[in-house]
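# A closer look at the structure
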2 protein chains.
Amino acid sequence: MAVRIDLNISLDGVAMPAGQSPEHPMGEEWGKIVAHYAATRTFRRRVLHDPSGEGTTGVDDRYAAAYFHGVGAEIMGAGMFGLHAYPDDADWRGWWGDEPPFEVPVLVLTHRERPPIEFANGTRFEFLATSPQSALTRAQELAGAGDVRVGGGAGVARDFLAAGLVDRLHVAITPVVLGRGVRLWDDLHELERDYAVTSEVAESGVIHVTFAR
Amino acid sequence: MAVRIDLNISLDGVAMPAGQSPEHPMGEEWGKIVAHYAATRTFRRRVLHDPSGEGTTGVDDRYAAAYFHGVGAEIMGAGMFGLHAYPDDADWRGWWGDEPPFEVPVLVLTHRERPPIEFANGTRFEFLATSPQSALTRAQELAGAGDVRVGGGAGVARDFLAAGLVDRLHVAITPVVLGRGVRLWDDLHELERDYAVTSEVAESGVIHVTFAR
């Protein structure tokens, strides 16, 4: 029943690089901070539906597998669903393809509500214009005995952290300096006060830091 | 003959917390990011002149010992020497006490030159109004076969990094969020491009990240 967040950031704390464009909806340098995750066996199987079993199986993959384990419902921002790309297309079903990797109810926070979208694999997107606390209450109803994951983007994650709603935050820090973009830590002064913090370094060089209540 | 920098920062990259005052010349929360270093046996012996042999002896102490090893000359900003505290006192000898821990020539970058100050233990402060590159040339003359360490503060360290003058950067990241202050990484976009980056986590929970050419 925990509320969890996992984020990939740079050494300078950027979770969403600057420079979004139609070709690079997540920013040109986003690939740098997700490369370790995209290389894992779990990501390849779960997100790319690659049955080959290829991909890394070390520390990064352990976090990737944990990311998907035990989640009963997900909350994400409109940008992460893909609403910002096609705000006026009522038929747009998001950029996650026909088999979104969530396989649970997903609440998409947006100012413009729209009808739910359902996929055969258990993913069901529901669109809500509400506060983080209200969205969490709804997500917990849907999650049953499972955890609620706040998927992102960075702004949504920060809102939930600032509101004190998060039980576990895992950040994977790639040691690169991006310089511009949405920084995770801004306005989260003394976040560590309510958590035990542990860190470990993966074979890839990525630093995994976990804040746990 | 390497040029080296060691810095203590927070998870959000703050090397110099906001809120300096006479009682807290380095900012109220500075203690949070130097606690691991101040706890080491090396710091206690070298900076506090504590002969007891007490202090931590793990990973943090290994970096603390390396900090003092092989340095032939040091460069620091006026603030790190203590000039900002007493700018108009010509007799002010800095806040490092009668046995400054450097024991080598130290170039203090300042806009107002003043006569050198010498201590019995080999520390000699020389005051220069010049560019990073010129200060480095002078420091290398003084260092002989030793390394040049750029001691700080954060602004001076960033100037040397931005100018591409640094061979090795070691940052000790304490997993706390300070929120306000001088951030190390600003304007250092793609710093990693010229370096191999390695990381390890100390027993204290501090993350040591090293950029080496």
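Residues numbered from 1 in each chain as written. Chains lettered and ligands numbered in written order. Predicted model: local features only at pLDDT ≥ 70, side-chain atom pairs only at ≥ 80, totals over all residues. Heavy atoms only, no water.

With an unreviewed UniProt entry as reference, chain A is termed Dihydrofolate reductase, source organism Diaminobutyricimonas aerilata.

### Brief notes about the packing of aromatic side chains
Test applied: Within 6.5 Å between ring centres, the rings of Phe, Tyr and Trp (the latter by its six-membered ring) count as paired, and their orientation is classed by plane angle as stacked under 30 degrees, edge-to-face over 60, tilted in between. Under the DSSP-based scheme used, a helix requires at least four consecutive residues in state H or I and a strand at least two consecutive residues in state E, with every element numbered from the N terminus. The criterion is that NZ of a Lys, or CZ of an Arg, lies within 6 Å of the ring centre and within 35 degrees of the ring normal, and then a charge sits over that ring.
Applying the stated criterion across every chain yields a total of 20 aromatic pairs over all chains. Look at B:Y37 and B:Y67: their rings are 6.1 Å apart centre to centre, the planes differ by 65°, and that puts the pair in the edge-to-face class. Pair noted here: B:Y37 is in helix 1 (residues 30-38) and B:Y67 is in helix 3 (residues 59-68), with a separation of 30 residues, a long-range link. Ring pairs connect the aromatic residues A:F81, A:W96, A:F102, A:F119, A:F125 and A:F127, which therefore count as one cluster. One cation-aromatic arrangement involves A:R93 over A:F119; the distance from NZ or CZ to the ring centre is 4.6 Å.

### Considering the interface of chain A and chain B
Reports of interface size often rely on the accessible area that becomes lost once the parts have come together. Stated precisely, the cut-off is as follows: Whether two residues are in contact is decided by their heavy atoms, any of which lying within 4.5 Å being enough. Buried area adds together the accessible area that both of two parts lose upon being put together, with accessible area traced by a 1.4 Å probe. Any carboxyl oxygen of Asp or Glu that lies within 4 Å of a side-chain nitrogen of Lys or Arg is treated as forming a salt bridge with it. Whenever a nitrogen or oxygen atom comes within 3.5 Å of another N or O atom, the pair is scored as a polar contact, on the condition that within protein one atom can donate a hydrogen and the other can accept it, and that pairs from neighbouring residues in sequence are kept only if both atoms are in side chains.
Counting residues at the interface gives 25 residues for chain A, matched by 24 residues for chain B. A combined buried area of about 2000 Å² lies between chain A and chain B, and 62% of that area is made up of carbon and sulfur atoms. Interface area lost by chain A to chain B is led by A:L11, A:V177 and A:W185, which between them contribute 29%. Taken together, the connections running from chain A to chain B amount to three salt bridges. A salt bridge links A:K32 to B:E190; the shortest N-O distance between them is 2.8 Å. Joining chain A to chain B, the criterion identifies 10 residue pairs in polar contact (both at pLDDT 80 or more). Of all elements in the fold, only strand 10 (196-201) and strand 11 (207-212) of chain A reach the threshold of two or more residues within the side of chain A that touches chain B.

### So, the pattern of salt bridges
Residue and element names in this part refer to chain A. The condition that has to hold: Think of it in three bands: with a 1.4 Å probe and only protein chains considered, a residue is buried below 20% of the maximum accessible area for its type, exposed above 50%, and partly exposed in between.
All chains considered together, the criterion is met by 33 salt bridges over all chains. With a closest N to O distance of 3.1 Å, R124 and E126 form a salt bridge. Here R124 falls in the partly exposed class, since its relative accessible area comes to 29%. With relative accessibility at 12%, the residue E126 sits in the buried group.

### Quick look at the side chain of B:D60
Residues and elements named next belong to chain B. Here is the rule: Charge counting treats Lys and Arg as positive and Asp and Glu as negative, with His and both chain ends excluded.
Examined against the element boundaries, D60 turns out to sit in helix 3. The buried charged residue D60 lacks any salt bridge, with R62 as its nearest oppositely charged partner at 8.8 Å. If we skip the residues at most four places from it in the chain, D60 touches H36, T40, A202, E203, S204, V206 and H208.

### A short note on the nonpolar core
For the record, the criterion: The definition of a nonpolar core used throughout is a set of buried Ala, Val, Leu, Ile, Met, Phe, Trp, Tyr and Cys residues joined through side-chain atoms within 4.5 Å.
Ranked by internal contacts, the top residues of the largest apolar core, which has 72 residues, are A:F160, A:W185, B:F160 and B:W185. The residues touching A:W185, leaving out its near neighbours within four places in the chain, are A:I9, A:G13, A:L169, A:V171, A:L191, A:F211, B:L11, B:D12 and B:V177.

### So, unusual backbone geometry
Phi is mostly negative for residues that are not glycine, and the peptide bonds are mostly trans. Residue and element names in this part refer to chain A. At the junction of G152 and G153, the peptide bond is cis and its omega measures out at 0° in the coordinates. Mapped onto the secondary structure, G153 falls in the loop between strand 7 (147-152) and helix 6 (154-162). At E103, a residue that is not glycine, the phi angle is positive and equals roughly 60°. Topologically, E103 is positioned in the loop between helix 4 (78-81) and strand 4 (105-109). In this structure, D187 is a non-glycine residue whose phi angle is positive, near 70°. Following the sequence through the fold, D187 ends up in the loop between strand 9 (181-183) and strand 10. By relative accessible area, D187 is classed as exposed at 65%.

### With respect to the sheet that holds strand 6 (residues 124-128) of chain B
Residue and element names in this part refer to chain B. So the rule is basically this: A pair of strands is considered paired only if DSSP assigns at least 2 bridges between the two. Only the contacting stretch of a helix is used when fitting its axis, a line to C-alpha atoms as for every element, and angles between N-to-C directions run 0 to 180 degrees.
Read across the sheet, nine strands follow the order 5-6-4-3-7-1-8-11-10 without closing on themselves; strand pairing throughout is mixed. A strand with exactly one partner marks an edge of an open sheet, and here the two such strands are strand 5 (117-118) and strand 10 (196-201). The pairing of strand 8 (residues 168-174) with strand 11 (residues 207-212) spans six bridges and is classified as antiparallel. Its bridge partner lying in strand 11, R168 is registered against A212. Across the sheet, helix 3 touches strand 1 (3-10), strand 3 (71-77), strand 7 (147-152), strand 8, strand 10 and strand 11, and the angle it forms with strand 11 is around 40°. Contacts from helix 6 (residues 154-162) reach strand 1, strand 3, strand 4 (105-109), strand 7 and strand 8 within the one sheet, and its direction differs from that of strand 7 by about 135°.

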